[in-house]
Structures are given as structure tokens and as C-alpha cells.
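Architecture and fold: a report
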Amino acid sequence: NAGVTQTPKFQVLKTGQSMTLQCAQDMNHEYMSWYRQDPGMGLRLIHYSVGAGITDQGEVPNGYNVSRSTTEDFPLRLLSAAPSQTSVYFCAAVYNYGYTFGSGTRLTVV
Amino acid sequence: TQLLEQSPQFLSIQEGENLTVYCNSSSVFSSLQWYRQEPGEGPVLLVTVVTGGEVKKLKRLTFQFGDARKDSSLHITAAQPGDTGLYLCAGDPGTNAGKSTFGDGTTLTVKP
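Residues numbered from 1 in each chain as written. Chains lettered and ligands numbered in written order. Predicted model: local features only at pLDDT ≥ 70, side-chain atom pairs only at ≥ 80, totals over all residues. Heavy atoms only, no water.

Concerning the overall build of chain B
Under the convention used in this document: Per the convention used, a helix needs a DSSP run of H or I reaching at least four residues, while a strand needs a run of E reaching at least two, with both numbered from the N terminus. Our radius of gyration looks at C-alpha atoms and nothing else; its globule reference is 2.2 Å times the residue count to the power 0.38. Here the term buried applies to any residue with accessible area under 20% of the maximum for its type, exposed to any over 50%, and partly exposed to those in between, with areas from a 1.4 Å probe on protein chains only. Throughout, a contact is declared for two residues whenever any of their heavy atoms are within 4.5 Å. The Shrake-Rupley method, run with a 1.4 Å probe, gives the accessible areas here. Residue values count only the displayed protein chains as cover. Positive: Lys, Arg. Negative: Asp, Glu. His and the chain ends are not part of the count. One atom stands in for each charge, and that atom is NZ of Lys, CZ of Arg, CG of Asp or CD of Glu.
On a plain count of helices and strands, chain B comes out with zero helices and 11 strands. In terms of C-alpha radius of gyration, chain B reaches 13 Å, essentially the compact-globule figure of 13 Å for 112 residues. Projected onto its principal axes, the C-alpha coordinates of chain B cover approximately 40 × 30 × 20 Å. Scored against the burial criterion, the 112 residues of chain B give a buried share of 46%. Contacts in chain B between residues far apart in sequence, at least 24 positions, make up 55% of those at least 6 positions apart. Total accessible area computed for chain B in this model is approximately 5,200 Å², and 50% of it derives from carbon and sulfur atoms. Of the charged side chains in chain B, 9 are positive and 11 negative, and the gap between their average positions amounts to 4 Å.

What about the interface of chain B and chain A?
Often, the extent of an interface is quoted as the loss of accessible area upon association of its parts. Heads up, the condition is: What counts as buried area is the accessible surface, traced by a 1.4 Å probe, that two parts surrender upon association, with contributions from both included. The working definition used for a salt bridge is a side-chain nitrogen of Lys or Arg within 4 Å of a carboxyl oxygen of Asp or Glu.
The interface is formed by 24 residues belonging to chain B together with 23 residues belonging to chain A. Around 1,800 Å² of area is buried between chain B and chain A when both sides are counted, 55% of it from carbon and sulfur atoms. Counting the contacts that link chain B with chain A gives zero salt bridges. Every element with two or more residues in the side of chain B that touches chain A is listed here: strand E4 (31-37), strand E5 (44-49) and strand E9 (85-92) of chain B. Looking at the side of chain B that touches chain A element by element, the count peaks at four residues for E4 of chain B.

Digging into the sheet that holds strand E8 (residues 76-78) of chain A
Residues and elements named next belong to chain A. The line we're drawing: When DSSP finds two or more bridges between a pair of strands, those strands are recorded as paired. Geometry is summarised by axes, namely lines fitted to C-alpha atoms with helices restricted to the contacting stretch, and by angles between N-to-C directions that run from 0 to 180 degrees.
Taken in spatial order, the four strands of this open sheet run E1-E3-E8-E7, and their pairing is antiparallel. Taken across any chain shown, the strands that pair with only one partner, and hence form the sheet edges, are strand E1 (4-7) and strand E7 (64-66). With strand direction ignored, the average angle separating the axes of adjacent strands in the sheet is 20 degrees. Taken together, the three bridges between E7 and E8 define a ladder with antiparallel strand orientation. Looking at the pairing, Tyr 64 lines up with Leu 78 of E8.

As for the packing of aromatic side chains
For any pair of aromatic rings, the description rests on two quantities: the centre-to-centre distance and the angle between the ring planes. The cut-off we apply is this: Stacked, tilted and edge-to-face are the three classes applied to pairs of Phe, Tyr and Trp rings, where Trp contributes its six-membered ring and a pair requires centres within 6.5 Å; stacked means planes under 30 degrees apart, edge-to-face means over 60, and tilted covers the rest. Working rule: Lys NZ or Arg CZ, within 6 Å of ring centre, within 35 degrees of ring normal, means a charge sits over the ring.
Summed over all chains, the structure comprises 12 aromatic pairs over all chains. Relative to Phe 101 of chain A, the ring of Tyr 99 of chain A lies with its centre 5.6 Å away and its plane at 15 degrees, an arrangement referred to as stacked. Here Phe 101 of chain A falls in the buried class, since its relative accessible area comes to 10%. Feature note: the residues Tyr 35, Phe 90, Tyr 99 and Phe 101 of chain A together with Tyr 35 and Phe 102 of chain B constitute an aromatic cluster, connected by ring pairs. Above the face of the Phe 74 of chain A ring, Arg 68 of chain A is positioned so that its terminal group lies 5.9 Å from the ring centre.

Right, here's the structure in full:
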């Protein structure tokens, strides 16, 4: 089992560009989440989903969109990249209180 | 937003020493998880504690959930270099819906 797969692993964007971070899980978990991790600030919740077709905002949603058309996929879209969005992004599938994280996407916005 | 404070932020010890990491909040959580993260990887779940006062052991790691379910501790006995990493606590507000709040983490370095 792959668990949670994130692509790409690294990405450099110019300010104003848009892109989609991909996340896929093969565990059939209903709940999925996107977090960003910045030095000294831990993990902060961007968006989460409780099932296909249902998403909601987390602590830091501005500048990001999500959709959940299937149980397996939960992509995160950056609408117009800004340097403040330079971070490491983690997608996770949630089951029985515990998270299974992907290996992350390291994004740099220049 | 529920906050979780971890202490210490950094810890550097010699192999064989014992250590304790703390995770505190003013909020009540229905469950609390501990994760370990290595550079370039996502956090990996170590344990979930659910009941106030619960103690769980994982080899040399002992996890405790406070009676009031507002705090937790992680104790490592006879630390080894392989324990080096970032330790994160996370609290579930009760919905189990992917909305956990994470602490800022404790970076542990165990020197041989």
C-alpha cells in the first residue's frame, strides 16, 4: 500500500503563478486534510474534507482552494502564488484519530 | 483555535540519558496524538491517547494523557541516536474530522 502520495516533491513558482498540489490516498479514508509547515510554527491546517463533495476551511485558508470529487483525491490549488506561501505542504488521510501523512511538497515562491 | 504548547523547543542530550517532552493546552481534547518526523518526510504517528490519565508504552517511550485531557507528556528512557527527530503533539477537538491542532514541536538530538 502506498498510503498517501503527494506530487510534486519540489516546486518553484514565480509570484502570481498558479498550480495544483496533488494528493491521493489508497486507504479509503473519508477524512483528509492539508497542512503547511513553516520553521518554528508547527503544522497549520489549510483545508479539510469529511468526504467526497464536502470541504471546509481550516486556520489559514486564504489563497488556497480545494475540491474532493472522489474519496481518493484531494488536490490543493494555489490561485496566485505569493512569497508568503513558501512552505512545506503536507496532505493527510485521517482514520481513528490518527493521521497518515504524505511525504510533502516543498514549495518556493520567488 | 485551540492552542498546544510544546516544551522544550530544542533538546540535545547524550545517548543513554532520559528525557521528557511536554504538551500543554488550556483546551480539552477528545484525544491526543504524538508524531515523530524526520527531515524531508511527513510526520509518523507514534501513539494516540484517548482517556484522561491514560498511560501507553511503546518500547522505551512512555506517553501519558493528563487527567483533564488538556496536557500530555512523552518520556524516553535511555535515549538512542535513532530517537533523533522532531516530536509533535496534536489534539483532536472531538470531531475526528481532520481538524487536529498541532504543537510547534520539540527537536531532539541524541549524541552518541
